[in-house]
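# Results of the structural survey
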Amino acid sequence: MGRFLNPDNSAFQTALNSEIYVDKTGLIDYTNRVINTKQAFICNSRPRRFGKSITADMLAAYYSKGCDAEDMFAGLKIGSMDSFRTQLNKHDVIHFDVQWCLTPARGPENVVSFIEKSIIEELRMEYPGILDDTAVSLPGAMSQIHAKNGNKFIVIIDEWDVLIRDETNHAVQDTYIDFLRGMFKGTEPTRFISLAYLTGILPVKKLKTQSTLNNFDEYTMLDAGALAPYMGFTEEEVRKLSEKYGRNFSEVVRWYDGYWLSGRHIYNPKAVVSVMLRGTFQSYWSQTGTFESIRPFINMNFDGLKAAIIEMISGNVVEVNTNTFQNDMVSFQKRDDVLTLLIHLGYLAYDQEKKTAFIPNEEIRQEFLAATQDKEWNELIEFELQSKELLDATLDMEAEEVAAGIEKIHTEYASTIRYNDENSLSSVLTIAYLSSIRYYFKPVRELPTGRGFADFVYIPKPEYRADYPALLVELKWNQNANTALQQIKDKQYPVSLEQYMGNILLVGISYDKKDKMHQCLIEQYTK
């Protein structure tokens, strides 16, 4: 049992001792199935506080020869699976955290030599007489041991990408990439490695368009694949915790849901655990240390970036091309590179099918609002004032002012959105009502109603319901506002808000491509 070679199970025991532990040992059944196959090289990247280190500690505790973990795992999900004892504590495991290594190595330039020297020393102690003095590299030492006794290794690296995402010294990056290639690339590593599991925030670094470790299966916030249930808390897991701790599940959903991975709702474990234990619905994200880091990214003056941020804060989605991102935090060429980084950091969610990005929930929206409150976002402050005037005109049922306000916002702030269908009109509308986020929840798109779907429903937050009505909005492109308002009535859209006790305004908005004019009609709904 060593620090890096065949560690004990104390780190994972700490997780089990916590008041809240959500069982993710089903992942072990997957890794057991892929050991010694072409799928045995795994890079699982996800944001901070999404359980990366706990997962790495879990795998080390299960596979390591340095401990007996049968009792630890017997009562967990993996304990009831057929593969439970097939690999339990039967492997030489090398497990290290690159972030932790920075301090004892005394700087990033020494990390690779520190890792290799430390682990080779432990290998010599574990295999006296087998590993000779010619072994100066870690992959060389592992290859030598395998050649002499047939032993293979499981390699688990936590925070594998620290030297890629944060380090600007290209010599340090090149040394580290060469180290990783020596460990994992080519045919020889498959002879001495049974399983490799890398976890970090970013996918494997690209050189131009190709991954530096293209033999790895990657599972990311863009495409989680089969590992989606283990990337965070699932909806069912959060529902059970809400019942146990007496939390309002609907509020938990509104504040912390929103990540959509391989057809599953996934939640940030840090946020969910915090709200369960503390009972306060607030943003816990800024406590992760990444909050300040996003300011320079969203302040980058790439064409269309700030407009995209404003759209998403307003509740809209934006298209994003994720293919050009180089998987680091310095090689930015365009708007989409920054948006892709924000997806990997967890500040944006991603719809893989539609290839769109969006702000996932109220917690993250609050962080974006805070991050834009500086001098470089003066245009947002000015825009919010105009948006507030538009909201006031809506609440005062001044339909002509509303139509004129939407026209102005489209011209001045959303000119890149060209009207060609109802979707483009809806994009402008979400931007126009940006100021509503102070008083209203994120607008519900296409809420099921009596006989159809309302385009937008704005529900005021509880503290504002006495003064602010719900807004039920219907849009019509190349038609008139009266048609929109009549559809609300004919299809009984207000039925969706029967349980809502406050006032409701019906808002019909249209745009006619012939006269290029917006129209608006507003009525008070009487139950």
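Residues numbered from 1 in each chain as written. Predicted model: local features only at pLDDT ≥ 70, side-chain atom pairs only at ≥ 80, totals over all residues. Heavy atoms only, no water.

Moving on, we come to the overall build of the chain. Regarding its fold elements, the chain presents 21 helices and 18 strands. Among the 527 residues that make up the chain, the fraction classed as buried is 56%. Contacts in the chain between residues at least 24 apart in sequence constitute 69% of all its contacts with a sequence separation of at least 6. If you sum the accessible surface of the chain, you get close to 22,600 Å²; carbon and sulfur atoms cover 47% of it. (Helix = DSSP H or I, 4+ residues; strand = E, 2+ residues; numbered from the N terminus. Buried < 20%, exposed > 50% of the residue type's maximum accessible area, 1.4 Å probe, protein only. Contact = heavy atoms within 4.5 Å. Areas by Shrake-Rupley, 256 points an atom, 1.4 Å probe, with all protein chains shown as cover.)

All right, on to the pattern of salt bridges then. Evaluation of the coordinates by the stated rule reveals 12 salt bridges. A salt bridge links Glu-362 to Arg-365; the shortest N-O distance between them is 3.0 Å. Pair noted here: Glu-362 and Arg-365 are both in helix 17 (residues 362-371), with a separation of three residues, about one helical turn. Given a relative accessible area of 3%, Glu-362 falls into the buried group. Salt bridges here are not isolated pairs; linked through shared partners, they connect Glu-251, Arg-254, Glu-362, Arg-365 and Lys-461. (Salt bridge = Lys/Arg side-chain N within 4 Å of Asp/Glu carboxyl O.)

Burial analysis of helix 2 (residues 26-34) places eight of its nine residues in the buried class, the great majority of the element. Taken as a whole, helix 2 has its buried residues at Gly-26, Leu-27, Ile-28, Asp-29, Tyr-30, Thr-31, Asn-32 and Val-34. Where helix 2 is buried, its residues touch strand 1 (41-45), helix 3 (52-63), helix 4 (70-74), strand 4 (193-200) and strand 7 (217-219). Just downstream of helix 2, Asn-36 is the residue with a positive phi angle, here 60°.

Right, let's talk about the sheet that holds strand 13 (residues 356-358) for a bit. Spatially, 11-13-12 is the arrangement adopted by the three strands of the open sheet, whose pairing is antiparallel. The open sheet has two free edges, formed respectively by strand 11 (318-319) and strand 12 (349-351), since each of these has just one partner strand. As judged from the two bridges shared by strand 11 and strand 13, these two strands associate in the antiparallel manner. Looking across to strand 13, one finds that Val-318 is bridged to Ala-357. (Pairing = 2+ DSSP bridges.)

A contiguous patch of negative charge, built from Glu-389, Asp-396, Glu-398, Glu-400 and Glu-401, is present on the exposed surface. Along the chain, Glu-389 turns up in helix 18 (residues 378-395). Among the residues examined, Glu-389 registers a relative accessible area of 57% and is labelled exposed. (Patch = residues over 30% accessible without salt bridge, like charges linked within 9 Å, V, L, I, M, F, W, Y side chains within 5 Å. Lys, Arg positive; Asp, Glu negative; His and termini not counted. Charge placed at Lys NZ, Arg CZ, Asp CG, Glu CD.)

Let's shift gears to the environment of Pro-189. By the secondary structure assignment, Pro-189 is in helix 10 (residues 188-192). Sequence separation between Pro-189 and Ser-143 is 46 residues, and the spatial gap between their C-alpha atoms is 7.5 Å. Setting aside chain neighbours within four positions, we find Pro-189 in contact with Phe-41, Gly-182, Met-183 and Phe-184.

This part covers the packing of helix 2 against helix 3. For the pair helix 2 and helix 3, interaxial distance at closest approach is 11 Å and the crossing angle is 60°. Classified by the angle their axes make, helix 2 and helix 3 are oblique. Relative to helix 3, helix 2 is oriented so that their crossing is right-handed. Taking contact as the criterion, the partners of Leu-27, Ile-28, Thr-31 and Asn-32 in helix 2 are, on helix 3, Thr-55, Met-58, Leu-59, Tyr-62 and Tyr-63. (Axes fitted to C-alpha atoms, helices over the stretch in contact; angles between N-to-C directions. Parallel < 35°, antiparallel > 145°, perpendicular 65-115°, else oblique. Left-handed = near helix turned anticlockwise from the far one by under 90°.)

Function cannot be inferred from these measures alone, as they are strictly geometric.
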